[in-house]
Amino acid sequence: MELLLIILIGILYATGIYMMLRRSMVKLLIGLILLGNGANMLIFLLGGITKGKPPIIGEGEKILSGLYADPIPQSLILTAIVISFGLQSFAIVLLKRVYVLIQTDDLNDLNTPDTDI
Amino acid sequence: MISAVLSGFLFAMLVLLFGKYVKGKPAVLTTLLPLSLFAYFLGMLPAVQTQPLLFSYRWIPSMGIDLNFKLDGLSLLFSLLITGIGTLVFAYASYYLKGHRYLDRFYCYLSLFMASMLGLVLSDNVMLLFVFWELTSITSFFLIGFNNDDPASRRNSLMALAITGGGGFLLMTGFVLLGTLAGGYSISAMLSSAEMLKGHAWYGWVLFFLFGGAFTKSAQFPFHFWLPGAMKAPTPVSAYLHSATMVKAGVYLLARFTPVLGGHPYWNTTLLIAGAITMLYSAWHAIQRTDLKGILAYSTIAALGTLVFLLGVGTAEAMAAAAVFILVHALYKAALFLVAGILDHETGTRDVTILRGLRKVMLPVAAAGMLAALSSAGLPLTFGFIGKDLIYEATLHAPAYGYILTGIAVLTNILVLYAGFQAGIRPFAGRLPEGFRSVHLPDLRLWVPPLILATLGLLYGMIPALADASLVQPVVQALGAVSPAPLKIWHGFNVVLLLSGVTLAAGFALYFIRMPSARHQLAVDRFASLSPETLVVRSARGFSRFSTWYTNRLHNGNLRSYVHIIIIFITVLLAYKLITGVHLYFDIRTNVAPITVYDLTVFGIILFAIWKTVSTSSRITAVASMSVVGYCICILFVIYSAPDLAMTQFTIDTLTVVLFVLVLFRLPRFLRINDRKVIVRDSIISGLFGVLIAIIALEVMNEPTNKETSRFYAENAYLLAKGKNVVNVMLVDFRGFDTMVEITVLVIAALGVYSLLKLRISSSEKE
C-alpha cells in the first residue's frame, strides 16, 4: 500500500505544481489545494501507516499499548488542514473581489509592468 | 581615558544643541576641547617613557569585546598630533568658515572625527579599533561633502566612502580571522602569539585583508585616487583629516601590527612594493599639478607611500625613520595646507601659475610657507633634514636591494621637494601682480597656526633632542625594535650626506628650470582612461547595470516565473544530491502493507478525479473533482486509523466546495489557452518534481522512525490529561497554546473574508 500512496503523493505534487503554473487564478487555487493534500499525505505516510488501530485508549484502560497509529503526524495534519482552510477561504474571497474589480480571471492581466526599478 | 575619548562625542552633540550660539564669535571657544585634550596627553608623556599605560572597561565580555585602551609611544605620538593639530585647525576654521550657515555642523563633524581618531589610536581591542575606524570613514564622508550643493563634492565624498568603506569591510574580515586564530581580540594578547600567527597557514589571508584595509585608508596605489578627490573638503579639513591624521590611520594600523605580524617575507615584500610604487607614482603626479591642493594631495600620498615603504624595510633604523617622518610630515604638510587655505581664502585662486609675490602683502604667511617647504625639502637645520637622513640610512642598510631602494627614495624626495617649493615658496616669490595688490594679511587665527607648525619643524630640526627621548624613542619601542642611536643633526661626511646634497641640488635645479604649467596636467589627463579611478567608476556602473538587469529578470512580477524558478532550482539541486550521494533502494518484501480491494478502488477514483480536475474546461467540474480527491483522502484516513483527520478533512472539504461554489459560480468558463509548448514544458517541470518527491518519500520510508515522543503521548494522554483520544488530547492540552494561536489565525482569516464580502466597491475603484 505504501507504494500506491507514494505514487499518489507524486501525482498530487505534480498536478498541484502544474495547476499553479496555469494562467487562471481559480486553477492556481485548486493547484494549491492539491499540493496541500499531497503534503498532508506525505506526512501521514512518513509517520508509518497502520490499519484499524486508531490512537484512542480503550474502555477501562489507562495507557495506549500494543500496536497503534502514530498520533503525532495526525495532530500535525489536523492543524495543517484547518490552517489551510483559513488560507483557502480568504483566497477564494479575494479572488472574487479581484474578478469584480478587473473582470478577468487571467493572471497575466494582473501584471503591472515595472519600468523603472 | 575613556572620558578623553568620549568627550569629543559628547561635545559634538552639545554643539548641535547649542548651534546658534556657536555660529557667532564664540566659535573660537570650541578650540578649548582639543586644547585641553592636548594638555592631558602632554601630561602623559613622562609616564609613557617607561611602560605603556593600560585602561580597561568592560563592554561586551561575552564576545570578548572590551573597552581596552592602551597608551604607548605610538598611540601617544598620534594622540598628540590629533589633538595638537586639532587645536590649530579648530581655531583656523573659526575664521576660515566665519559666518558659514552650517558652522555648527562643521564643528560637530570635526569633533566627532577627532574623538573617533583618538579612539582608533588608543584602542587595544581590534573590534573597538574597527568601530572607530569606520567612524573616521563616516565623518570623513560628511566633511568631504560639507559643501553639499556642489555636485563634485558629493560625488567625491561618495567615492571616498566607497573606497575606505570597502577597505573597512576587508579589515573587519581580517580582524575576525585574526581574532579567531589568536583566540581573542586584544592586541596586547596577540603579541604573545606572534610566532604562531606568522607560521599559520592562513597568515597570507590575514595579511591580504589587513592590507586591504590599510592601503585603502592610507591611499596606497591603486586605491590612492580618493584622496585627491577628497580635496573638495574645506581646506582645514584637508589639512587635518587628509594629510595629518586620518590617512595615517592605515600607516598606524601597519605600525601597530608590525610586532605581531611583521618580519615575515610576505609582509616586508608587499609593503615595500606597494610603498615604492605609491611613492614614485604620486610624487611624479604631484609635480604635474597646478592646483595647490592637488599638489599637496599627491605629495601627501607620496609621503604615505614612504611610510609604508619604511615599514616594509622593517629594520630598527627604518622604524625610527618612520617615527620621525610621521612627525616631520604632519608638521610641514599641515602647515602647507593651511597656507594654501589662506591663499585660497584671500586671493580666491589656488592656481600656482598665477600666484606670485605675495610675500609683500602677507609676510608671516610667507614665512610659514617657506619654513614648511624647506622642512619638506630636508634642508639642514630643519626637522625634515633629520627625517630624510634617517630614511637614506634605513634604505642603505636595508637587508636587500639597498641601492635600488635608496634610488627610489632619492628620486621621490627630489620630486617632493619640488612639489613642496611649488606650494610653499613659489606663490610668495617674484613680483607681485597688479591684481593681488589689494590682498592683505588675514586674521591672526589664520596665519598663526601654520606659523606655529612650521616653527616647530625648525625647532625640532635645530634641537632634535627635544623630540628624541620623549616622542621618537617610545614609538620605536612600541614597534618592537631596539632603540636606535639618538637623533643628531650632524653625522659627519658620509654617503647619506652626499645623497642629501644630491637631492637638494637636483630639487633646486628642477625648481628653477621647470615652471608650473597647465600643459603638464593636460598631458597627464590624457591617460585618465587608464587610471584606477576610471576603472573603479566603470566597474561600479557596470555592476549597477548588471544588478538592475538581474533584478528585473528575477523579480519580474510574474507569479508563474517565480514558481518556475523555485521549482526548477529545487528539482535540480535535489536531483543532483540524489544522483551523487544517495543509494536508491526499496525493499518491497518487508515494508509493505497488503493492498486490499478498498485501497485499489479509492486509488482509482482519486486518479480519475485528479485527471478530471486538470483536464476539464468547466470551473464547476474542476471544483467538484477536486472535492472528490479530498473525500477520497478522507476515506484513506478512515482506513488507516485516523478518525479525527477523516472528520476534519470531510468538514473542511465540504466547506471549501460550498464557498467556492457560492462565491465563484458566476465566473465564466476557463480560458482555453492551447499553447502546446507551454503545456509540454510545464508538464515536464511538474512531472519531474512529482517524481522527485516520490523518490524522496521512498527513501525516507527506509529510515526507521523514532517513536519516543509518540510513546510519551500515548502513555500519558489519560494519566496526565484525562483524555482517551490521544490526538485530541495533544491538540487541546499538551499543545494547547499552539491551538489557541491557530484559532486566532482562523479568526483573522474569517474577519478578512467577512470584510471583503461586505466591502462595497466604490465607483472610483471600478475603472
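Starting from 1, residues in each chain are numbered consecutively following that chain's sequence as written. Each chain is given a letter, starting from A, and each ligand a number, starting from 1, according to the order in which they appear as written. Only residues with pLDDT of at least 70 are given local features in this predicted model, and only at 80 or more are side-chain atom pairs given and counted; all residues enter the totals for whole chains, interfaces and linings.

Student: Looking at this structure, how should I read the overall build of chain B?
Tutor: Helix and strand labels come from DSSP, where a helix needs a run of H or I of at least four residues and a strand needs a run of E of at least two; each type is numbered from the N terminus. Each helix and strand counted, chain B has 33 helices and two strands in total. Atoms counted for the radius of gyration: C-alpha only. Globule rule: 2.2 Å times the number of residues to the power 0.38. For 767 residues, the compact-globule estimate of 2.2 N^0.38 gives 27 Å, and the C-alpha radius of gyration of chain B, at 37 Å, exceeds that figure by more than 25%. Along the first, second and third principal axes, the C-alpha set of chain B runs to 115 × 65 × 50 Å. In chain B, which comprises 767 residues, the proportion classed as buried is 46%. Note on contacts: each residue gets a C-beta atom placed from the backbone, and two residues are in contact if those atoms are within 7 Å. For chain B, the proportion of contacts with a sequence separation of at least 24, taken over those separated by at least 6, is 78%. With C-beta atoms placed from the backbone, a residue is labelled by how many other C-beta atoms lie within 10 Å of its own: buried for 20 or more, exposed for 12 or fewer, partly exposed between the two.

Student: What am I meant to see in the overall build of chain A here?
Tutor: Across its full length, chain A holds three helices and zero strands. Along the chain direction, N to C, the helices and strands of chain A fall in the order α-α-α. Over its C-alpha trace chain A gives a radius of gyration of 20 Å, far above what one expects of a compact globule, namely 13 Å for 117 residues. Seen through its C-alpha atoms, chain A measures out along the principal axes to roughly 65 × 30 × 25 Å. In chain A, buried positions account for 52% of the 117 residues.

Student: How should I be thinking about the packing of helix α7 (residues 151-182) of chain B against helix α10 (residues 203-217) of chain B in this particular structure?
Tutor: Think of two packed helices as two axes; the pair is described by the angle between the axes and how far apart they sit. All names here are of chain B. Two numbers describe how α7 lies on α10: the axes approach to 7 Å, and their chain directions differ by 150°. By the criterion of interaxial angle, the relationship of α7 to α10 is roughly antiparallel. You can see that α7 and α10 cross each other, and the crossing is left-handed. Here α7 contributes I163, T164, G166, G167, G168, L170, L171, T173, G174, L177 and L178 to the contact with α10, which in turn contributes W205, V206, F209, L210, G212, G213, T216 and K217. In terms of residue class, the contact of α7 with α10 is made up of nine nonpolar, nine polar and one charged. Lines fitted to the C-alpha atoms define the axes, with helices restricted to the stretch that makes contact. Angles between their N-to-C directions range from 0 to 180 degrees. Any angle between 65 and 115 degrees counts as roughly perpendicular, while under 35 counts as roughly parallel, over 145 as roughly antiparallel, and the rest as oblique. Left-handed describes a crossing whose near helix is turned anticlockwise from the far helix by less than a right angle; the clockwise case is right-handed. Residue polarity follows a fixed list, in which Ala, Val, Leu, Ile, Met, Phe, Trp, Tyr, Cys and Pro are nonpolar, Asp, Glu, Lys and Arg are charged, and the others, Gly among them, are polar.

Student: Teacher, can you tell me more about the interface of chain A and chain B here?
Tutor: In many analyses, interface size is given as the accessible surface area lost on bringing the parts together. With 75 residues of chain A in contact, the opposing surface of chain B contributes 85 residues. Going through the elements one at a time, α1 (2-20), α2 (25-46) and α3 (71-102) of chain A are the ones with two or more residues in the side of chain A that touches chain B.

Student: How should the environment of V658 of chain B be read in this particular structure?
Tutor: Looking at the element boundaries, V658 of chain B is found in helix α29 (residues 643-664). With 35 residues separating them along the chain, V658 of chain B and V623 of chain B place their C-alpha atoms 9.8 Å apart.

Student: What is the right way to look at the nonpolar core in this model?
Tutor: Generally speaking, a soluble globular protein has its nonpolar side chains buried in company with each other. Residue and element names in this part refer to chain B. One finds L77, L310, A322 and A335 to be the most contacted residues of the largest nonpolar core, which totals 198 residues. In terms of residue count, helix α16 (residues 316-347) provides more of this core than any other element does, 23 residues in total. Either an automatic procedure or a domain database provided the assignment from which the domain bounds are taken. Lining this core are residues from two domains, each supplying at least three of them: domain 1 (1-158 + 227-255) and domain 2 (290-516). Beyond its immediate stretch of four places on either side in the chain, A335 contacts A368, A372, P450, L453 and A454. Joining buried Ala, Val, Leu, Ile, Met, Phe, Trp, Tyr and Cys residues through C-beta atoms within 7 Å gives a set, and that set is a nonpolar core.

Student: Sorry if this is basic, but what is going on with the pairing of strand β1 (residues 53-60) of chain B here?
Tutor: Where a strand is regular, its side chains alternate between the two sheet faces. Residue and element names in this part refer to chain B. Between any two strands, at least two bridges found by DSSP are needed for them to pair. Sheet analysis places β1 next to strand β2 (residues 65-71), joined by six bridges and oriented antiparallel. Across the sheet, residue L53 finds its bridge partner in β2, namely L71. Between β1 and β2, which pair antiparallel in sequence order, lie four residues; one of them, G64, sits at a positive phi of approximately 70°.

Student: When you look at the domain arrangement of chain B in this model, what are you seeing that I'm missing?
Tutor: Split into domains, chain B comes out as domain 1 (1-158 + 227-255), domain 2 (290-516), domain 3 (519-555) and domain 4 (559-728). Relative to domain 4 of chain B, the C-alpha centre of domain 2 of chain B lies at a distance of 81 Å.

Student: When you look at the confidence of the model for chain A in this model, what are you seeing that I'm missing?
Tutor: Predictor confidence is given residue by residue as pLDDT, running from a minimum of 0 to a maximum of 100. Mean pLDDT over chain A: 85, with 94% of residues reaching 70 or higher. The secondary-structure element of chain A with the lowest mean pLDDT is α3 of chain A, recorded at 88, while α1 of chain A shows the highest, at 92.

Student: I keep staring at the confidence of the model for chain B and nothing clicks. Help me out?
Tutor: As a general rule, the predicted coordinates of low-pLDDT regions are not to be interpreted in detail. A residue-level look at chain B finds 96% of positions with pLDDT of 70 or above and a mean pLDDT of 86. Here the complex is predicted with pTM 0.72, and the ipTM for its interfaces comes to 0.92.

Student: Explain unusual backbone geometry to me, please; I cannot follow it from the model alone.
Tutor: Across the chain, the bulk of peptide bonds are trans and the bulk of non-glycine residues have phi less than zero. All names here are of chain B. Here the residue pair F221 and P222 is connected by a cis peptide bond, since its omega of 5° sits within 30 degrees of zero. Take P222: it is sitting in the loop between α10 and α11 (226-229). One non-glycine residue, A219, adopts positive backbone phi at about 55°. One can find A219 in the loop between α10 and α11. What makes A219 buried here is the crowd of 27 C-beta atoms within 10 Å. For L381, which is not a glycine, the phi torsion comes out positive at approximately 80°. Its place among the elements puts L381 in the loop between α17 (363-377) and α18 (383-396). You can call L381 partly exposed: it has 13 C-beta atoms within 10 Å.

Student: Would you explain the environment of L458 of chain B in this entry?
Tutor: All names here are of chain B. As for its placement among the helices and strands, L458 is situated in helix α20 (residues 444-462). Between the C-alpha atom of L458 and that of I610, which follows or precedes it by 152 residues, the distance is 95 Å. Once you skip the residues sitting within four places of it in the chain, L458 turns out to touch L371 and T382.

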